[in-house]
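Read off the chains here:
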Amino acid sequence: MKKMLILQMRPEDEAADSEFQAILRVGGLGPDEVHRVRLDQGIPEIEIDDYYAIIAGGSPFDVSMDQKEKSQVQKDIEAFYDILFDYVVPADFPFFGACSGNGLLGKYCGARISNKYPEPIGSVEIEVTEEGAKDPLLKGLPRTFLALVGHKEACDTIPPGAVLLGTSGPCPIQMFRVMKNIYASQFHPEADSNEFILRIRTYKNHGYFAPEEADGLITAIRQTNTPIPKEILKRFVRHYKL
């Protein structure tokens, strides 16, 4: 039986483990139903046909930063995704990339990635587009919903040929689809407030916010509830699960 491939890029063990558990919990997946790969620990050989779909999580890496400033780990991960997308995109293979997964897919597909549309850690109101309202992952859901975000870079424009599914005032490209089965979101569909509190503590010295703002961000986010993004990820899993 084929499994879901979960690709992670967080070098911090606690944050990576928490993200993985969140994906399992929200997706309704058991540990034996997935293959987890932490790309920060090495680049493996992947046989895509062993899986029915791929979920790619977030990371502290920025694809738009100068190549000279990137670590070898980041360069290796980006090279891996270029090879992966050489298969995924022509084959229209089911893929869902969140945050960093969104940037990597967007860049591969021709979007410009920059720090023009950053969003501080917190919640933002997402507006579903007309095309989004027709998509299987969003159909029947509220036309506006809250989602958790926190990023220094984003797609400036939608990739050529892609379909914009969700947008927001601070960041116009919040969710898009390439062909029929390849999805990306700037927001984090797996995360809840506890997950983001951990990430605030983990990444408080990574430039997302001033370190002295951490306690205030934790207080602000503690009561945040974002059920719709979780439903989107759950639908992705259900739609492709064999």
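Keep in mind that what you see is a predicted model, and the values were worked out from it rather than measured.

## Notes on the pattern of salt bridges
Stage number 1. Considering all chains together, one arrives at 15 salt bridges under this definition.
Stage number 2. Between Lys241 and Glu33 there is a salt bridge, with the nearest N and O atoms lying 2.7 Å from each other. You can see Lys241 sitting in the segment after helix H6 (227-240) and its partner Glu33 sitting in the loop between helix H1 (13-27) and strand E2 (34-38), a full 208 residues away along the chain.
Stage number 3. The residue Arg38 makes a salt bridge to Asp40 at a minimum N-O spacing of 3.1 Å. Residues Arg38 and Asp40 agree in their burial class; the two are buried.
Stage number 4. One network of salt bridges, in which partners are shared, links Asp13, Arg38 and Asp40.

## Observations concerning the pairing of strand E6 (residues 119-128)
The side chains of a regular strand alternate between both faces of the sheet.
Stage number 1. Examined bridge by bridge, E6 and strand E7 (residues 144-151) share 7 bridges and lie antiparallel to one another. Counted as the bridge partner of Ile126 is Phe145 from E7.
Stage number 2. Pairing of E6 with strand E9 (residues 163-167) involves 2 bridges; the strand directions are antiparallel. Across the sheet, Glu127 pairs through a bridge with Thr167, a residue of E9.

## Structural notes on the sheet that holds strand E3 (residues 51-56)
Stage number 1. Taken together, 9 strands build an open sheet; the order of strands is E2-E1-E3-E4-E11-E10-E9-E6-E7 and the sheet is mixed. Strand pairing shows two members of the sheet lacking a second neighbour, E2 and E7, which therefore form its edges. Between one strand axis and the next, the sheet turns by 25 degrees as a mean value, whatever way the strands run.
Stage number 2. Contacting strand E1 (3-8), E2 and E3, H1 runs over the sheet at an angle of about 160 degrees to E2.
Stage number 3. Its contacts with the sheet place helix H2 (residues 72-91) against E1, E3, strand E4 (95-98) and strand E11 (182-185), and it is angled at close to 145 degrees to E4.

## Things to note about the pairing of E1
Stage number 1. When you tally the buried positions in E1, you get 5 out of 6 residues, the bulk of the element.
Stage number 2. In terms of handedness, the path from E1 via H1 over to E2 forms a crossover that is right-handed.

## Details of unusual backbone geometry
Stage number 1. Residue Asp92 is not a glycine yet carries a positive backbone phi of 55 degrees.
Stage number 2. Within the element layout of this structure, Asp92 appears in the loop between H2 and E4.
Stage number 3. Within the chain, Met179 stands out as a residue other than glycine whose phi angle is a positive 55 degrees.
Stage number 4. Inspection of the secondary structure puts Met179 in the loop between strand E10 (175-178) and E11.

## Focus: the nonpolar core
Stage number 1. Grouped together as the largest cluster of nonpolar side chains are 33 residues, with contacts concentrated most on Leu7, Ile54, Tyr81, Leu84, Phe95 and Leu105.
Stage number 2. At the level of elements, E1, E3, H2, helix H3 (100-108), E10 and E11 are the ones that each hand at least two residues to this core.
Stage number 3. For this core, the element with the most residues is H2, which contributes 7 residues.
Stage number 4. Leu84 has contacts with Leu7, Ile48, Ile54 and Phe95, leaving out every residue within four places of it along the chain.

## Description of the packing of aromatic side chains
Stage number 1. Tallied over the entire structure, the rule returns 10 aromatic pairs.
Stage number 2. Between Tyr81 and Phe85 the ring centres are 5.6 Å apart and the planes differ by 40 degrees, which places this aromatic pair in the tilted class. Placement of both Tyr81 and Phe85 in helix H2 is noted, with a separation of 4 residues, approximately one turn of the helix.
Stage number 3. Counting every residue linked through ring pairs, the aromatic cluster contains Phe80, Tyr81, Phe85, Phe95 and Tyr108.
Stage number 4. Cation over ring: Arg36 sits above Phe20, and NZ or CZ is 4.5 Å from the ring centre.

Rules used throughout
- Residues numbered from 1 in each chain as written.
- Predicted model: local features only at pLDDT ≥ 70, side-chain atom pairs only at ≥ 80, totals over all residues.
- Heavy atoms only, no water.
- Salt bridge = Lys/Arg side-chain N within 4 Å of Asp/Glu carboxyl O.
- Helix = DSSP H or I, 4+ residues; strand = E, 2+ residues; numbered from the N terminus.
- Buried < 20%, exposed > 50% of the residue type's maximum accessible area, 1.4 Å probe, protein only.
- Pairing = 2+ DSSP bridges.
- Axes fitted to C-alpha atoms, helices over the stretch in contact; angles between N-to-C directions.
- Contact = heavy atoms within 4.5 Å.
- Right-handed = clockwise from strand over helix to strand, strands pointing away.
- Core = buried A, V, L, I, M, F, W, Y, C linked by side-chain atoms within 4.5 Å.
- Phe/Tyr/Trp six-rings, centres within 6.5 Å; stacked < 30°, edge-to-face > 60°.
- Lys NZ or Arg CZ within 6 Å of the ring centre and 35° of its normal.

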